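This is what each chain is made of:
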Amino acid sequence: MIILSATNLTKMYGVTPILTGISFHINKGDRIGIVGVNGAGKSTLLNILTGQLKHDEGDFFVAADTTIGYLRQKDNFDAQGTVYEEMLNIFRPLIDMEAEMEQLSAQIARLTEEQHSHHDDTVNPEIERLLHRFDDMTAEFDRRGGYSYKSEIHGILNSMAFTPDYYDKPVGLLSGGERTRLALAALLLQKPDLLLLDEPTNHLDIGTLKWLEQYLKAYTGTIVLISHDRYFLDQTVNRIFDIELHKLTCYDGNYTQYAEKKKMLAADALKRYEAQQEEIRKQEDIIRKFKERGTEKLAKRAQSREKRLAHMEVLDKPQQLNAKMKIRFKENIASGNDVLYGEDLSKSFIGETGTRHLFSNVNFDIKRGERICMVGPNGVGKTSLLKIILGQLIPDTGYVRIGHNVDFGYYDQEQSLLTNSNTVLDELHNTYRLYTETELRSLLGRFLFRGEDVFKYVGDLSGGEKARLSLLKIMMSGANCLLMDEPTNHLDIASKEVFEDALLEFPGTLFIISHDRYFLNKISTKIVELSDSGLTHYAGGYDYYLEKKESIGSGKSYLNEMAQPAGKPSSAGKEQRAMERQAQKDLQAQRRRLERQMAKAEEDIARLEEEIAELEGLLCLEEIYTDFQKSAEISGKLETTKAELETTYTQWMELQEQLSEA
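Residues numbered from 1 in each chain as written. Predicted model: local features only at pLDDT ≥ 70, side-chain atom pairs only at ≥ 80, totals over all residues. Heavy atoms only, no water.

With that settled, the discussion passes to the overall build of the chain. Of the regular secondary structure elements, the chain holds 20 helices and 19 strands. Expressed as lengths along the three principal axes of its C-alpha atoms, the size of the chain is roughly 125 × 75 × 50 Å. Burial statistics for the chain: of 662 residues in total, 44% are counted as buried. The long-range fraction of contacts in the chain, counting pairs at least 24 apart against all pairs at least 6 apart in sequence, stands at 70%. Of the roughly 34,700 Å² that the chain leaves accessible, carbon and sulfur atoms contribute 49%. Looking at charge distribution, the chain has the averaged site of its 82 positive side-chain charges lying 12 Å from that of its 104 negative ones. (Helix = DSSP H or I, 4+ residues; strand = E, 2+ residues; numbered from the N terminus. Buried < 20%, exposed > 50% of the residue type's maximum accessible area, 1.4 Å probe, protein only. Contact = heavy atoms within 4.5 Å. Areas by Shrake-Rupley, 256 points an atom, 1.4 Å probe, with all protein chains shown as cover. Lys, Arg positive; Asp, Glu negative; His and termini not counted. Charge placed at Lys NZ, Arg CZ, Asp CG, Glu CD.)

Pasting the structure below:
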């Protein structure tokens, strides 16, 4: 069943085309990923489909009664409202219905009590009418999830890393990443038929990304999402809409399948074009030679060939893909073999609510040429650890030793090292004064800053443009040890691939924070996971890290060198190993205890839900709702059981959180 179709949609900004004559259809249950370079028109398309932006030509159709939910890159929250209030607003109709049901219940109880006080046993029509209305509302309230919406709110907030401490926090005090996660939580709670997501993975850590992937896989509606996260696209979509050169092309399959098909089609198109051009040149050469001979017979043959050539359907030259960055990281001087050594590092911050512990017992020993990628939940202190290495923060305990001839290049995900009041050209010239303007403009051109772009103010640049400018400054620095904080954020897929290839050719050392799992698989020689209790080291890329994490969590055997909490990098003695084995046994015992408690809680939830359904059924019986005493007794028991269910749900979620942390 087609729930949305578009025909010849066109959008212009002035005389500049954004989308031209695009057509497509979306079937119910489709999972569609929209890809394309920054500025290709992906968000423009979603804004047209939601009616927020008018198109110039063409039309689109949405099936009747289809509800649409749209996650924009900018939310519409009330800055004064709290996190929990914004979630409650989604269920405002249910909350109003709940209040009306309470009023009805109170009215029924009052009329029934008045009738009993007059010893009147006749059937009161008003009470009958109110009871029927209450019964209908109760059924509708239950059907719409009235008894579970609070649990749903708690569950989804917990999954999006909002602990109860956040519930009363005004939205205006949240960071950009937290607001993105809250907007996503709000949208998922609405459960629309058609879910439109614009960059849903921004600001999500790996744990939340995995949860979101599982949620979307189980989602019963239709999903259309824009993303530059190739791993996420592979896990969640079954069709790709590729927007390129103002046109849209549909591909079946996930991102990897799309990329392979597109590469094959492009190679085939180029091969056919070159073969035809070669044939044209060959025919033109024959025609020229025939004419040079000057005989009437050959002249006629030349004319015949010219006619055939004129009627040939000449293939257009395959249009080149949008320009890509040209990047190559060089080191001015090689470092020594020992690059970075850290021992017993810890860090805490004193905030409004007291001391906040980030991490402790962090140890590492990084050698020249290693490509280390660091992962960990948001807020654990990954950026703080990089700043300790750079000397911008002082650790509470421990020390960092920097090796011989180590020269750092630092990429800051917040781009705070750029000066907003500078032009793009000035930003480079102020740092690298020995370069001429011509040389700088040539370098900027390699990073897609061309023509008047070099006179843009840094503060007016998009996130992707700032990322490219920061990468250019690091490339020019000639550093031999690159410390990078989420460098692929804001880069489109084409730019990510160029950047990754440049890193693979870099002879120096890399220490990179990233949640981009495709990037982690391609780049890292080792993954280190930061937690509040230290660093854990894993050899290889993301898939290997994930495999080892799962085998550790399920108690399977694994190679010690692949996943061991880093005490002193290579000098743990027998006592240390014994302590680690005991800690692992304790962890496994704790997990088994939590799993037993969760199973018991789930049994209690099932039992309580059955009791609630049974009690609600009793209240619908005439012999019950006409008997005030029985009705009041069962209503009281129903409220007590609901309260017990709510408490059990809360316990279950707390156990789930503890189990995920264990």
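The subject of this paragraph is the sheet that holds strand 1 (residues 2–13). As summarised here, the arrangement of the 3 strands in space is 2-1-4, forming an open sheet in which the pairing is antiparallel. On the outer flanks of this sheet lie strand 2 (16–27) and strand 4 (57–62), each paired with one strand and no other. Here the average twist between neighbouring strands, direction ignored, is 15°. Bridge count for strand 1 against strand 2 is 8 bridges, and the pairing is antiparallel. For L9, the partnering residue across the bridge sits in strand 2 and is I22. (Pairing = 2+ DSSP bridges. Axes fitted to C-alpha atoms, helices over the stretch in contact; angles between N-to-C directions.)

Right, let's get into the nonpolar core. Counting 55 residues, the largest nonpolar core has I153, L157, L182 and L197 as its most contacted members. No other element matches the 8 residues that helix 6 (residues 176–190) contributes to this core. If we skip the residues at most four places from it in the chain, I153 touches Y84, M87, L88, F91 and L189. The next biggest cluster of nonpolar side chains, apart from the first, holds 47 residues, and it includes F329, Y411, L444 and V498. (Core = buried A, V, L, I, M, F, W, Y, C linked by side-chain atoms within 4.5 Å.)

What follows concerns the sheet that holds strand 3 (residues 31–35). Pairing is mixed across the open sheet formed by 6 strands, whose spatial order is 5-6-7-3-8-9. A single partner strand is all that each edge strand has here, and the edge strands are strand 5 (68–71) and strand 9 (247–252). Ignoring which end each strand starts from, the neighbouring axes of this sheet average 15° apart. Where strand 5 lies against strand 6 (residues 194–198), 4 bridges are found, and the strand directions are parallel. Across the sheet, Y70 pairs through a bridge with L196, a residue of strand 6. Running at roughly 130° to strand 3, helix 7 (residues 206–218) makes contact with strand 3, strand 6 and strand 7 (222–226) of the sheet.

A word on the packing of helix 12 (residues 424–431) against helix 13 (residues 437–446). Remark: helix 12 packs on helix 13, axes separated minimally by 10 Å, with the N-to-C direction vectors making an angle of 120°. Between helix 12 and helix 13, the angle is such that the two are oblique. Note on packing geometry: the crossing formed by helix 12 with helix 13 is right-handed. Residue-level contacts link V424, L425, L428 and H429 of helix 12 to E437, L440, R441 and L444 of helix 13. Of the residues assigned to the contact of helix 12 with helix 13, the class counts are 5 nonpolar, 1 polar and 2 charged. (Parallel < 35°, antiparallel > 145°, perpendicular 65-115°, else oblique. Left-handed = near helix turned anticlockwise from the far one by under 90°. Nonpolar A, V, L, I, M, F, W, Y, C, P; charged D, E, K, R; others polar.)

A few words now on helix 5 (residues 149–159). Among all positions in helix 5, only Y149, S151, I153, H154, I156, L157 and S159 are buried. Just past helix 5, the residue A161 takes up positive phi, approximately 65°.

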